[in-house]
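# What the coordinates show
Below, each chain spelled out in residue letters.
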Amino acid sequence: MASVTMTVNGKQVTANVDPRTLLAQFLRDNLHLTGTHVGCDTSQCGACVVHVDGRAIKSCTTLALSCDGASVTTIEGIGTPDNLHPMQAAFRENHGLQCGFCTPGMIMSAIDIVNRKGHALDEHTIREELEGNICRCTGYHNIVKAVAQGAAAMK
Amino acid sequence: MYAFSYHNPKTVRQAATLLSKNAEGKVLAGGQTLLPTMKQRLASPSALIDLGHAEGLSGIEQKGRNIVIGAMTRHVDVATSAIVKNAIPGLAALAEGIGDAAVRNRGTIGGSIANNDPAADYPSAALALGATIVTNKRKIAADDFFQGMFATALEEGEIIVKVSFPIPSKAAYEKFPNPASRYALVGVFVAKKGSDVRVAVTGAGSNGVFRSKECEAALAGRFNAKSLEGVKVSASGLNADMHATSEYRAHLIPVMAKRAVTKALGK
Amino acid sequence: MSAKTGVGAPVLRKEDFRFITGKGQYTDDINRQDQAYAYFLRSPHAHATIKKLDISAAKSAPGVLGVLTGDDLAADKIGGLICGWMIHNKDGSPMKAGAHPALAQGKVRYVGDHVAVVIADTYAQAKDAAEKIIVDYQVLPAVVDMNKAKGSVAIHDVAPDNMVYDWHLGDKAATDAAFAKAKHVTKIDVVNNRLIPNAMEPRAAIGDFDSGTGVYTLYTTSQNPHVARLVLSAFVGIAPEHKLRVIAPDVGGGFGSKIFIYAEETVCVWASKKVGRPVKWTADRTEAFLSDAHGRDHITHAELALDDKGKILGFRVHTKANLGAYLSTFSSCVPTYLYAPLLSGQYDIPAIYAEVEGIYTTTAPVDAYRGAGRPEATFLVERIIEKAARETGTDPALFRRKNFIKSFPHQTPVIMAYDTGNYTASLDLALEMADYKNFGKRKKDSAKNGKLRGIGFSAYIEACGIAPSAAVGSLGAGVGLWESAEIRVNPVGTVEVLTGSHSHGQGHETTFAQLVADRLGIDIESVSVVHGDTDKVQFGMGTYGSRSGAVGMSAIVKAVDKVIAKGKKVAAYALEAAEKDIEFKDGRFNVAGTDKSLAFGEVALQAYIAHKFNGQDLEPGLKEGAFYDPTNFTFPSGVHICEVEIDPETGVTDIVKWTAVDDFGNIINPMIVEGQVHGGIAQGVGQALLEGAHYNADGQLVTASYMDYTMPRADDLPSFDIGITTTPCTTNPLGIKGCGEAGAIAAPPAVINAITDAVGHEDVPMPATPLAVWHACQKGARKLAAE
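Residues numbered from 1 in each chain as written. Chains lettered and ligands numbered in written order. Predicted model: local features only at pLDDT ≥ 70, side-chain atom pairs only at ≥ 80, totals over all residues. Heavy atoms only, no water.

## Quick look at the overall build of chain B
- Looking only at helices and strands, one finds 11 helices and 12 strands in chain B.
- Against the compact-globule benchmark of 18 Å for 267 residues, chain B has a radius of gyration of 18 Å, which places it among compact chains.
- Seen through its C-alpha atoms, chain B measures out along the principal axes to roughly 55 × 45 × 30 Å.
- For chain B, with 267 residues in total, the buried portion stands at 61%.
- Partitioning the contacts of chain B with sequence separation of at least 6, the portion at a separation of at least 24 is 58%.
- Here chain B displays about 10200 Å² of accessible surface, and carbon together with sulfur accounts for 50% of that area.
- Charged side chains in chain B number 32 positive and 21 negative. The centres of these two groups are separated by 5 Å. (Helix = DSSP H or I, 4+ residues; strand = E, 2+ residues; numbered from the N terminus. Rg over C-alpha atoms; globule rule 2.2 N^0.38 Å. Buried < 20%, exposed > 50% of the residue type's maximum accessible area, 1.4 Å probe, protein only. Contact = heavy atoms within 4.5 Å. Areas by Shrake-Rupley, 256 points an atom, 1.4 Å probe, with all protein chains shown as cover. Lys, Arg positive; Asp, Glu negative; His and termini not counted. Charge placed at Lys NZ, Arg CZ, Asp CG, Glu CD.)

## Observations concerning the packing of helix H2 (residues 86–93) of chain A against helix H5 (residues 141–153) of chain A
Residues and elements named next belong to chain A.
- Two elements in contact, H2 and H5, have axes separated by 8 Å at closest approach and are oriented at 145°. As H2 runs across H5, the sense of the crossing is right-handed. From H2, Pro86, Met87, Ala90, Phe91 and Glu93 reach across to H5, where they touch Ile143, Ala146, Val147, Gln149, Gly150, Ala151 and Ala153.
- Its residues placed into classes, the contact of H2 with H5 shows 9 nonpolar, 2 polar and 1 charged. (Axes fitted to C-alpha atoms, helices over the stretch in contact; angles between N-to-C directions. Left-handed = near helix turned anticlockwise from the far one by under 90°. Nonpolar A, V, L, I, M, F, W, Y, C, P; charged D, E, K, R; others polar.)

## Description of the environment of cysteine 83 of chain C
All names here are of chain C.
- Tracing the backbone shows cysteine 83 in the loop between helix H3 (70–75) and strand E4 (107–108).
- The spacing of cysteine 83 and asparagine 732 is 649 residues in sequence and 29 Å in space, taken between C-alpha atoms.
- Those residues within four positions of cysteine 83 in sequence are excluded, and the remaining contacts are Met95, Leu327, Ser328, Thr329, Ser331 and Ser332.

## Remarks on the domain arrangement of chain A
Residues and elements named next belong to chain A.
- One can read the domain layout of chain A as domain 1 (2–77) and domain 2 (86–153).
- Relative placement of domain 1 and domain 2: their C-alpha centres are 21 Å apart.
- Of the roughly 1200 Å² buried at the junction of domain 1 and domain 2 (both faces included), carbon and sulfur atoms supply 61%.
- Summed over the three residues of domain 1 that lose the most area to domain 2, namely His37, His51 and Ile75, the buried surface amounts to 42% of that side.
- Our enumeration of links across domain 1 and domain 2 arrives at 0 salt bridges.
- Counting across the interface, domain 1 meets domain 2 through 7 residue pairs in polar contact (both at pLDDT 80 or more).
- Of all the elements in the fold, those that place two or more residues in the side of domain 1 that touches domain 2 are strand E3 (49–52) and strand E4 (55–58).
- Counting residues per element, the side of domain 1 that touches domain 2 draws most heavily on E4, which supplies 3 residues.
- Of the residues in the side of domain 1 that touches domain 2, the class split is 6 nonpolar, 9 polar and 2 charged. (Domains from an automatic or database assignment. Buried area = accessible area lost by both parts, 1.4 Å probe. Salt bridge = Lys/Arg side-chain N within 4 Å of Asp/Glu carboxyl O. Polar contact = N/O pair within 3.5 Å; in protein donor to acceptor, adjacent residues only side chain to side chain.)

## A closer look at the interface of chain B and chain C
- Listed by partner, the interface residues are 23 residues for chain B and 23 residues for chain C.
- When chain B packs against chain C, the two sides together hide about 1900 Å² of surface, and 52% of this comes from carbon and sulfur.
- It is Arg41, Arg182 and Met242 of chain B in chain B that bury the most area against chain C; as a group they hold 30% of the surface buried on that side.
- Inspection of the chain B/chain C interface yields 7 salt bridges.
- Among the salt bridges present, the one from aspartate 128 of chain C reaches arginine 41 of chain B, with a minimum N-O distance of 2.5 Å.
- Scanning the region where chain B abuts chain C turns up 15 residue pairs in polar contact (both at pLDDT 80 or more).

## Thoughts on the pattern of salt bridges
- Within this structure, the stated rule accounts for 82 salt bridges over all chains.
- Measuring nitrogen to oxygen at the nearest pair gives 2.5 Å for the salt bridge that ties lysine 58 of chain A to aspartate 100 of chain B. Taken together, the residues lysine 58 of chain A in strand E4 and aspartate 100 of chain B in the loop between helix H5 (89–96) and helix H6 (101–104) connect one chain to another. Each member of the pair, lysine 58 of chain A as well as aspartate 100 of chain B, is classed as buried.
- Of the charged contacts in the structure, one is a salt bridge between aspartate 581 of chain C and lysine 580 of chain C, with a shortest N-O distance of 3.6 Å.
- Judged by relative accessible area, aspartate 581 of chain C falls into the partly exposed class, the value being 29%.
- Looking at lysine 580 of chain C, the relative accessible area reads 73%, which means it is exposed.

## Structural notes on the pairing of strand E1 (residues 36–42) of chain C
Residues and elements named next belong to chain C.
- Where burial is concerned, most of E1 is hidden: 6 out of the 7 residues are buried.
- By the bridge criterion, 2 bridges tie E1 to strand E12 (residues 279–282) in an arrangement that is parallel. Across the sheet, the residue bridging to alanine 36 is valine 279, located in E12. (Pairing = 2+ DSSP bridges.)

## Digging into the nonpolar core
- Counting residues in each nonpolar core, the largest one holds 220 residues, and the members touching the most others are Phe91 of chain A together with Phe315, Leu343, Trp658 and Ile755 of chain C.
- By size, the runner-up hydrophobic cluster in this structure holds 49 residues, among which are Ala513, Leu515, Val516 and Val527 of chain C. (Core = buried A, V, L, I, M, F, W, Y, C linked by side-chain atoms within 4.5 Å.)

## Considerations on unusual backbone geometry
- The omega torsion of the bond from isoleucine 466 of chain C to alanine 467 of chain C falls at -10°, within 30 degrees of zero and hence cis.
- Tracing the backbone shows alanine 467 of chain C in the loop between strand E18 (452–461) and helix H13 (469–474).
- With omega at -5°, the peptide bond leading from methionine 766 of chain C into proline 767 of chain C counts as cis.
- The topology assignment puts proline 767 of chain C in the loop between helix H18 (742–759) and helix H19 (770–786).
- Here histidine 95 of chain A, not a glycine, exhibits a phi torsion of approximately 50°, which is positive.
- Look at histidine 95 of chain A and you get buried, because its relative accessible area is 1%.

This is the structure:
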């Protein structure tokens with residue numbers, strides 16, 4: 001076991017973990033932040049995307065111990081039903097989700113796209129930038145619309 | 001994953017010491033290949049030596065006619081670096097196309113080159129640009145560094161510290177991705193420096209990254225896409241799998257080379 | 001109730017808030033106190049007998065609570081998994097179904113088959129311990145190729161030639177006679193590629209036995225928790241139904257794959273009593289690839305007979321269907337009764353004869369996957385129609401128009417009686433939206449850039465609203481396929497809708513509330529929808545086959561009507577009027593011709609306080625239930641047009657335009673319906689361009705991760721142009737036909753018809769990967785050179 005300390009959604013947490021604990025497991029099992037999902041083992045589906053020090057990463061492909069000292073933001077940390085983040089609101093308003101399983105990772109990736117590429121995103125850019133997030137329900141049509149609207153609303 | 005001990009050295013020297021003490025240990029850079037491999041229980045290092053907190057391993061600078069990139073520099077930082085975009089835009093574009101955005105935020109150039117995955121992008125750039133791989137022990141020319149699938153010149157206890165890319169006059173990378181994994185099915189990096197033209201191919205060779213003599217010969221005369229018309233690359237020694245036969249890969253090499261040359265010429 | 005939330009309005013989803021804030025509760029998000037973890041040791045071989053299974057070292061490994069095998073199942077008299085639909089052979093004899101134990105009993109039959117389970121304090125400990133199990137396998141030949149299955153070693157003793165059934169439908173003599181007088185016969189061979197469903201949430205289960213009450217609870221990723229309970233009780237024999245509660249909480253997509261009752265949940269619920277602790281299992285993606293029921297996988301030869309005017313005279317089909325190593329829950333009906341009855345498509349075909357061989361192979365079980373049989377039928381019909389049009393030199397739109405069914409009801413020669421439709425209207429709108437008349441110009445423009453452009457049609461039909469119980473019963477179904485609903489009105493007038501349908505992305509919490517609020521004239525926020533728990537909802541048949549609208553909502557409407565009828569009785573007492581004078585309108589019970597009136601909520605309160613009536617005349621309370629059994633299938637239909645541009649140098653196909661015109665009958669929420677169409681098209685495009693399960697000759701699944709199985713990504717797809725035409729269904733009270741599977745059914749032939757149009761010949765397989773299309777381009781170029 002090894003000790004790790006990080007800031008998650010603004011709160012500092014310290015825990016003793018097995019070194020093989022992935023950040024996704026740490027968030028889900030230790031902190032009960034189950035909004036971060038795990039949909040594959042090969043780092044492709046993106047259901048596990050969270051922000052570490054302001055950048056979107058795949059929490060299933062990062063050791064919790066590697067995040068010692070880092071600041072982590074999960075889907076639970078960006079908005080609440082009464083006070084949605086503009087990207088969360090955009091996903092709802094555009095019907096950008098169906099089963100909801102990929103949605104947290106999708107939203108966290110979408111915010112990262114805006115952080116990197118700005119607020120005016122065309123369809124081509126959004127589709128290319130979503131390469132690392134797989135959705136089986138929506139056919140992406142409404143996700144693309146949601147990201148464009150959310151990006152503009154984040155201004 | 002199997003159990004392992006975790007180490008978090010603050011310097012490369014400490015990391016090297018830890019590596020020598022843990023014969024079955026491995027260096028953890030960005031972890032974007034190593035961790036999935038360990039999750040599948042296909043690798044079982046006894047120890048992970050995480051370079052994430054080691055000093056002096058990240059950063060990009062221009063030193064004379066070279067771009068020098070620290071081993072722990074993330075792909076995203078290479079992709080967005082003004083220095084790289086200005087000096088070797090083809091290298092920045094290559095980094096922009098590695099994996100996906102979240103992978104680029106985590107994966108590192110040192111990790112990619114040390115792993116020498118036969119379908120990774122960076123080895124083609126290192127080979128075509130004639131890069132020098134600088135380790136904690138020595139400098140290794142890219143020509144000598146890549147020694148076949150997942151095999152490199154790195155010795156035990158040796159850690160990549162930085163990679164130095166000579167600035168070419170023209171360079172570009174064109175990737176044909178595997179439709180599923182999005183790794184390179186065929187990736188071609190072309191570089192022209194003076195009269196020297198190099199064409200390095202990743203993803204296609206059953207023995208990892210290699211230089212395409214056929215394409216280089218065709219481009220030696222005139223560095224334009226037309227020179228590659230009708231160039232035939234032999235399929236022998238190329239990978240074959242459900243996504244691409246070796247003939248298809250052989251066909252795609254000059255096609256991707258052509259597109260890379262067009263890109264390098266800014267057309 | 002306002003126009004903004006009524007039937008037909010694009011109401012934003014009520015359930016979204018929890019999903020977009022990370023508060024959804026999927027099975028793996030649930031943790032029971034003191035829970036242990038299961039890891040399944042799976043067969044590395046496609047086919048082998050187990051000579052010896054030594055679990056002793058695993059049993060004593062750290063943290064291990066139990067190691068269980070097929071012997072333990074047998075000792076506890078736990079039955080095998082079942083197939084719920086009996087198919088009969090041509091000669092009337094029943095199909096040959098081999099036993100399907102949840103843990104292997106002496107033999108394994110596909111890579112991923114369940115050999116043993118280890119239960120430990122942690123998942124890592126269970127996995128570590130499983131490596132200590134010693135299995136002595138005698139490896140047998142793999143049976144992968146359906147064409148070679150007959151002569152291969154038997155997978156199940158009951159089926160020595162690996163044939164599950166040899167089934168047929170239609171009139172052979174009439175079809176032969178049609179071919180005898182044909183002026184032209186179009187022939188085609190098609191392979192409908194095998195798919196792996198890949199709901200983004202992997203399957204998971206928690207079994208939890210309460211020794212105090214003797215009740216088992218199973219949390220599971222199910223599309224139909226009541227059917228799971230029925231099977232686990234009545235057939236597997238875990239516990240009687242009143243001692244088994246099944247909860248399917250938020251479920252992250254199903255697409256058919258979560259209908260079935262699998263080994264893992266069976267074992268978890270059984271093992272929870274054996275180890276005395278809750279037992280949790282969550283699939284990783286590799287396990288999902290190996291063990292989720294796969295879809296499709298047909299090889300078909302078909303022939304279409306035409307007269308001299310291009311009218312279809314007859315259709316003859318021979319299909320081999322891969323059913324995998326065991327018969328999954330509904331597998332047997334998919335390539336038979338969900339397939340052959342759709343072979344008439346949208347066309348007036350006087351004679352059809354179909355033969356289907358169901359075949360065992362040493363691969364994962366194959367069962368219903370979005371569309372289930374109907375995509376296979378549509379792919380075949382629309383490919384051969386396109387080919388026939390080309391062979392006869394007829395414009396493909398005109399060829400279809402000429403052969404469309406134009407009057408309804410229409411009885412096909414293969415069971416189905418279409419109630420209504422207007423196929424020409426959908427075609428006309430699709431042609432206009434796709435700008436078909438200028439396609440030739442666009443093709444020329446592409447050619448100037450060295451690209452090949454093609455256009456492809458798909459005029460699909462599906463049978464949804466599954467299904468009239470008596471009809472399916474006569475065809476071999478083991479269950480009835482009605483749906484149930486219960487409307488519980490609270491004393492303050494809020495309403496809980498209990499439904500046997502299950503939502504795993506379909507948005508029932510919104511559409512069902514929309515319907516009920518609209519009918520009762522109350523605010524949509526006053527209605528909540530309860531589903532997915534056998535302790536809350538008495539019974540239901542679940543969600544699949546686009547049935548939740550046509551069947552599930554019809555049951556709800558029936559129950560709502562009963563609530564209104566009861567409300568009228570209550571209102572009559574409360575308003576001191578005759579019951580026949582009470583009218584219900586816009587959420588109020590009015591006495592006709594007076595200004596006396598009570599709001600819905602006021603009547604609800606009167607029903608519960610019961611002060612105004614004598615309990616002998618009228619029971620207190622306001623709660624009604626209904627079962628709705630449909631009288632016919634529903635028949636959604638439409639026309640999709642796909643336009644592609646191909647780079648012949650690389651073989652990359654780019655979908656440049658997608659037009660979808662669908663007739664789903666009446667629509668409750670167009671936003672959700674469009675979402676269903678988008679998702680369906682993406683899955684259909686996935687089948688056509690990207691996805692294919694591939695077993696090698698040894699029976700190893702080569703495509704067992706996203707590294708090799710190509711999932712549609714955002715940059716693989718265009719945005720879609722959606723159009724709607726409407727002919728309301730005539731056989732259910734809402735006029736709904738269903739929309740869940742349309743896209744997945746329509747899309748594959750549209751794509752392949754477009755690619756074959758572009759390359760100039762018919763030889764393009766699915767998935768049409770860059771490699772396959774590059775080959776096709778080269779063949780096309782050779783063909784052109786030869787001409």
